[in-house]
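Letter by letter, the chains look like this.
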Amino acid sequence: MADARETALRVLLSLRHGAWSDGALAAAIEKDGLDARDAALCTGICYGVLQQRLYLDYCIAQFSSLKMNKIAPTVLEILRIAAYQIYFLDKVPASAAVNEAVRQCRTHANPKAAGFVNAVLRKIAESPRPEVKAEDALDALSVRYSHPRPLVGLLAKNVGAEQIEALLAANNAPTPLSIRLNTLKGTPEELICALRSEGLEVTQDEHLLTAASVPGSGRITRLQSFSRGLFTVQDKASQLCAAVVDPHPGEEVLDLCSAPGGKSFAMAALMENRGRIISCDLHAHKLPLIEEGAERLGVTILQTLCTDATKKQERFVGRFDRVLADVPCSGLGVIRKKPDIRYKDIAELPKLPQIQEQILENAAEYVKPGGVLVYSTCTILHRENRKLVERVLEKHPELSLESFGLPGIGETGGDITLLPHVHGTDGFYIAKIRKKG
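Since this is a predicted model, take the numbers as computed values, not measurements. (Residues numbered from 1 in each chain as written. Predicted model: local features only at pLDDT ≥ 70, side-chain atom pairs only at ≥ 80, totals over all residues. Heavy atoms only, no water.)

*Asks:* Break down the overall build of the protein chain for me, citing the residues and quoting the values.
*Replies:* Scanning the protein chain for helices and strands turns up 18 helices and 14 strands. In terms of overall dimensions, the protein chain is globule-like: its C-alpha atoms have a radius of gyration of 23 Å, near the 22 Å expected for 437 residues. Considered along the principal axes of its C-alpha atoms, the protein chain spans approximately 75 × 50 × 40 Å. Working note: accessible area of the protein chain is about 19300 Å², and carbon and sulfur atoms make up 52% of it. Side chains of the protein chain carry 53 positive and 52 negative charges; the gap between the two charge centres is 5 Å. (Helix = DSSP H or I, 4+ residues; strand = E, 2+ residues; numbered from the N terminus. Rg over C-alpha atoms; globule rule 2.2 N^0.38 Å. Areas by Shrake-Rupley, 256 points an atom, 1.4 Å probe, with all protein chains shown as cover. Lys, Arg positive; Asp, Glu negative; His and termini not counted. Charge placed at Lys NZ, Arg CZ, Asp CG, Glu CD.)

Here it is, written out as structure tokens:
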């Protein structure tokens, strides 16, 4: 059976070939049969190395006799794993991290490189964590918080120079797992008692009572309370989005880009499982995931449909009381939970608003007169959020923003950008639009 570091190495190497960390990590932990302790260590190493990769490379470069581009990929990944443990994990002795790295190098890389790995890591273990030195402030932040420099510049333009460091720090901070208590199975208080009876540490949100947090672990889905549908994994921002839709029992609701279904499930609970929800997604293979989730949670009012949200559906026009368009986006609001998103090529991102605007235009057609349309993304870029919504509203006088309140946050003017360092949630944009009757 593999141990935590072996699994972590394999996962990190797989990311070089296009895999995403969350899926690759969950699959590897399951395949290798890691127990809870090793699964937690493996998860911590993988996400930690991704979160700190640029800084770890900066540190390795200080002590390496080779230039970074001359170090073999497997050897470099082994160095990163060990350097992360030395600098960021207090419970792992430096000697153990060094010895394991040397063993991994002999097993998985060129055995002749073991001496090089040993020398670099011993220097790292004997030295304090290096301070990042750079003339440009954003260059320094890029290395210190391991966000590529172009991304740092883009984020700074959207949150402002005075907030950028706080945002980057929040993206690297430990994040507890967020869950939604399923009120179709009981009151929040009853559900929390059931979870705690399984030994789970649960902290209920003081403002949104269906939201809670637990210590992060992918193995939470093995709990009996999960199988019984007492909760589902969902960030508070996503839950707030469903609350802004504010669906009532008996209404007909359309969730245009639904998979994996979290917002549809939350809306079903708000509707007391009475009415109808059409949950759509472009990818047919994702629909069974929504259906399985609905069955586990006791949601019976949900129907899935494979459809392209960018293509107008005449059968939907003027049909729905409420429509949610949680559109495909750059995902730059969820870096704290999916650290590899920071390494995406941002040159491709300007293409997204055209797709998003087409989806929003179609969604506006589907709302009944007097109905509600909610547009949302998990990014903080203005061009995908407020600027896009304003552009659509200018073309459609029958649409207007409608103010809404959020528990613990207060009233908005009709839209809000939630920020990790301000609100403690994923970065998320929500706009509530009313169609004239």
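*Asks:* Account for the packing of helix α2 (residues 21–32) against helix α3 (residues 36–51), with residues named and values stated.
*Replies:* Close contact between α2 and α3 brings their axes to 11 Å; oriented N to C, the two are set at 155 degrees. Between α2 and α3, the crossing angle belongs to the class labelled roughly antiparallel. Between α2 and α3 the crossing geometry is right-handed. Here S21, D22, L25 and I29 of α2 come into contact with α3, specifically with A39, C42, T43, C46, Y47 and L50. (Axes fitted to C-alpha atoms, helices over the stretch in contact; angles between N-to-C directions. Parallel < 35°, antiparallel > 145°, perpendicular 65-115°, else oblique. Left-handed = near helix turned anticlockwise from the far one by under 90°. Contact = heavy atoms within 4.5 Å.)

*Asks:* With reference to specific residues and values, describe the environment of V132.
*Replies:* With respect to the helices, strands and loops of the structure, V132 is situated in the loop between α7 (114–125) and α8 (137–144). For the pair formed by V132 and E201, sequence separation is 69 residues and the distance between their alpha carbons is 37 Å. Each residue touching V132, except ones within four places of it in the same chain, is listed here: Y55, Y58, A140, V143 and R144.

*Asks:* Tell me what's going on with the side chain of S142, and back it up with residues and numbers.
*Replies:* Tracing the backbone through its elements, the reader meets S142 in helix α8. With relative accessibility at 5%, the residue S142 sits in the buried group. A polar contact is formed between the side chain of S142 and the backbone oxygen of H147, at a distance of 2.6 Å. Residue contacts for S142: discarding those within four places in its chain leaves L54, H147, P148, R149 and V152. (Buried < 20%, exposed > 50% of the residue type's maximum accessible area, 1.4 Å probe, protein only. Polar contact = N/O pair within 3.5 Å; in protein donor to acceptor, adjacent residues only side chain to side chain.)

*Asks:* Describe unusual backbone geometry, with residues and values.
*Replies:* Glycine aside, residues mostly have negative phi, and peptide bonds are mostly found in the trans state. Note that the residue after A259, namely P260, is joined by a cis bond; omega there is 5 degrees. Considering the arrangement of structural elements, one finds P260 in the loop between β5 (252–255) and α14 (262–270). Its identity is not glycine, yet D246 carries a phi of approximately 55 degrees, on the positive side. Take D246: it is sitting in the loop between α13 (236–245) and β5. Its relative accessible area of 35% is what places D246 among the partly exposed residues. If you check the backbone angles, E272 has positive phi at about 55 degrees while not being a glycine. Following the sequence through the fold, E272 ends up in the loop between α14 and β6 (276–281).

*Asks:* Account for the pattern of salt bridges, with residues named and values stated.
*Replies:* Two side chains carrying opposite charge are able to pair once their charged atoms lie near each other. Considering all chains together, one arrives at 31 salt bridges under this definition. For the salt bridge of E165 with R144, the shortest nitrogen-to-oxygen distance reads 3.8 Å. Residue E165 is located in helix α10 (residues 164–172), and its partner R144 is located in helix α8; the two are separated by 21 residues in the primary sequence. Owing to a relative accessible area of 34%, E165 belongs among the partly exposed residues under this scheme. Across the pair K337 and D426 runs a salt bridge whose closest N-O atoms are separated by 3.5 Å. Of this pair, K337 sits in the loop between β8 (320–326) and α16 (352–366) while D426 sits in the loop between α18 (420–423) and β14 (428–435), placing them 89 residues apart in sequence. Three or more residues are tied together by salt bridges with common partners; here these are R16, D57, E77 and R80. (Salt bridge = Lys/Arg side-chain N within 4 Å of Asp/Glu carboxyl O.)

*Asks:* Talk me through the side chain of E384; I want residue IDs and the actual numbers.
*Replies:* With respect to the helices, strands and loops of the structure, E384 is situated in the loop between β9 (367–377) and α17 (386–395). Not counting residues up to four positions away in its chain, the partners in contact with E384 are C329, S330, L352, P353, Q356, Y375, T377 and T379.

*Asks:* Please provide a residue-by-residue account of the environment of D308, values included.
*Replies:* Residue position: D308 is located in the loop between β7 (302–306) and β8. When the C-alpha positions of D308 and Q52 are compared, they lie 37 Å apart, and in sequence the two are 256 residues distant. Apart from residues lying up to four places away in sequence, D308 is in contact with L282 and Q313. Within the structure, D308 has its side chain in polar contact with the side chain of T310 (distance 2.7 Å).

*Asks:* With reference to specific residues and values, describe the packing of aromatic side chains.
*Replies:* Per the counting criterion, the structure on display carries 7 aromatic pairs. Geometrically, the ring pair formed by Y84 and F88 is stacked, given 5.3 Å between the ring centres and 20 degrees between the ring planes. Placement of the pair is Y84 and F88 together in helix α5 (residues 73–88), with a separation of 4 residues, close to one helical turn. Judged by its relative accessible area of 23%, F88 is partly exposed. (Phe/Tyr/Trp six-rings, centres within 6.5 Å; stacked < 30°, edge-to-face > 60°.)

*Asks:* Lay out the pairing of β9 in plain terms, naming residues and giving numbers.
*Replies:* Counting buried residues in β9 gives 8 out of 11 residues, a clear majority hidden from the surface. As paired strands, β8 and β9 are joined by 6 bridges and run parallel to one another. Looking at the pairing, V323 lines up with L373 of β9. Pairing geometry for β9 and β14, over 6 bridges, is antiparallel. Opposite T377, over in β14, you have Y429 as the bridge partner. (Pairing = 2+ DSSP bridges.)

*Asks:* Explain the sheet that holds strand β4 (residues 231–233) to me, and be specific about the residues and the numbers.
*Replies:* Spatially, 4 strands are ordered β2-β3-β1-β4 in an open sheet, and the strand pairing comes out antiparallel. A strand with exactly one partner marks an edge of an open sheet, and here the two such strands are β2 (203–204) and β4. Bridge count for β2 against strand β3 (residues 211–214) is 2 bridges, and the pairing is antiparallel. If you follow T203 over to β3, its bridge partner there is S213. Those strands touched by helix α11 (residues 188–197) are β1 (177–181), β2 and β4, and its axis lies near 130 degrees from that of β1.

The values reported here are purely geometric and, on their own, carry no functional implication.
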